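Per-entry structural report
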Amino acid sequence: MTVRLDDVLDGIQAIAETLVIYDVTTPTAEAQRLAAIIAEQSVELVALMRGLDGLNGLEAHLKGGHDLEREADGRWRAAIGRLFRERYRHGDAAGVLPR
């Protein structure tokens, strides 16, 4: 479990570093909500970890984390869709897609 948590933290750090590299000073509303979801998931994770000792009250936190993950997935897809709709309005998206 600690290896997977470390992987998650590495991903968060990579995104933060990318924001610095590209000089992003004002994150989009989607990025702000995704950051808030990460914070909310952290709260659920701490509650789950505390509940492991007696295996009590885990279901609500598992559901909460799952619901947040589903929301994040939808918001991520919406943000990518908006990026392509607004940035590549004239069908020029092929230049950024992997071949």
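Fair warning: this is a prediction, and the values are worked out from it, not measured in the lab. (Residues numbered from 1 in each chain as written. Predicted model: local features only at pLDDT ≥ 70, side-chain atom pairs only at ≥ 80, totals over all residues. Heavy atoms only, no water.)

**As for the side chain of Glu44**
Put simply, the rule is: Counting from the N terminus, the helices are the DSSP runs of H or I reaching at least four residues and the strands are the DSSP runs of E reaching at least two. Only protein chains enter the calculation, and the probe is 1.4 Å; a residue is then buried if its accessible area is under 20% of its type maximum, exposed if over 50%, and partly exposed in between. In this tally Asp and Glu are treated as negative and Lys and Arg as positive; neither His nor the chain ends contributes. Just to be clear on terms, a salt bridge is a Lys or Arg side-chain nitrogen sitting within 4 Å of an Asp or Glu carboxyl oxygen. Any N or O atom pair separated by 3.5 Å or less is treated as a polar contact, with the protein-specific requirement of one donor-capable and one acceptor-capable atom, and with residues adjacent in sequence counted only for side-chain atom pairs. Two residues qualify as a contact provided that any one of their heavy atoms is within 4.5 Å of a heavy atom in the partner residue.
Structurally, the position occupied by Glu44 is in helix 2 (residues 29–51). We note that Glu44 is buried and unpaired, the nearest opposite charge coming from Lys63 at a distance of 9.8 Å. Separated by 2.7 Å, the side chains of Glu44 and His61 make a polar contact. Not counting the four nearest positions on each side in its chain, Glu44 is found in contact with Ala60, His61, Gly64, Gly65 and Leu68.

**Some points on the confidence of the model for the protein chain**
Which entries qualify depends on this criterion: A score from 0 to 100, pLDDT tells how confident the predictor is in each residue.
Averaged over every residue, the pLDDT of the protein chain is 85; the share at 70 or more is 89%. Highest mean pLDDT in the protein chain belongs to helix 2 (90); lowest belongs to helix 1 (residues 2–21) (88).

**Comments concerning the pattern of salt bridges**
The full count for this structure, using the stated rule, is six salt bridges. Glu71 is the salt-bridge partner of Arg75, the closest N and O atoms lying 2.7 Å from each other. With Arg75 and Glu71 both in helix 3 (residues 58–87) and four residues apart, this pair spans about one turn of that helix. A single network of salt bridges, built from pairs that share partners, joins Arg33, Glu40, Glu71 and Arg75.

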